[in-house]
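Working through the structure, step by step
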Amino acid sequence: MARYLARCGQPLTPGELRDALGRRGHINSAAQLKRDMQSDGAFVRAPATCGPGRPVRQQT
């Protein structure tokens, strides 16, 4: 999942990610993908989407 998102280059909704992974033979529900992304610290949340990465820290 993370590898696909990193190569995709854009944030995806859990449903979009489910569809993309399904085309590659990986069967997951959008609800399960959403739970996985919310519980993994490697994902940052944007409105209605998730993607890999960490928030950028402001330098002072």
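As the structure is a prediction and not an experimental result, all values here were calculated from the model.

We now examine the confidence of the model for the protein chain. Any segment with low pLDDT has predicted coordinates that should not be analysed in fine detail. Of the residues in the protein chain, 72% have a pLDDT of 70 or more, and the chain-wide mean is 75. Looking at the elements of the protein chain, mean pLDDT is at its lowest for strand 2 (residues 49-52), recorded as 53, and at its highest for helix 2 (residues 14-22), recorded as 89.

Turning our eyes to something else, we now look at the pattern of salt bridges. Taken as a whole and judged by the stated rule, the model has one salt bridge. Ionic pairing is found between Arg 18 and Asp 19, a salt bridge with its closest N-O pair at 3.0 Å. The class of Arg 18 is partly exposed, set by a relative accessible area of 32%. For Asp 19, a relative accessible area of 38% translates into the label partly exposed.

The next subject is helix 3 (residues 30-39). Along helix 3, the positions that sit buried rather than exposed are Ala 30, Leu 33 and Met 37. Buried residues of helix 3, viewed axially, fall in a sector of 60°; they line one side.

Cut-offs used in this document
Residues numbered from 1 in each chain as written. Predicted model: local features only at pLDDT ≥ 70, side-chain atom pairs only at ≥ 80, totals over all residues. Heavy atoms only, no water. pLDDT = per-residue confidence, 0-100. Helix = DSSP H or I, 4+ residues; strand = E, 2+ residues; numbered from the N terminus. Salt bridge = Lys/Arg side-chain N within 4 Å of Asp/Glu carboxyl O. Buried < 20%, exposed > 50% of the residue type's maximum accessible area, 1.4 Å probe, protein only. Arc of directions from axis to C-beta.

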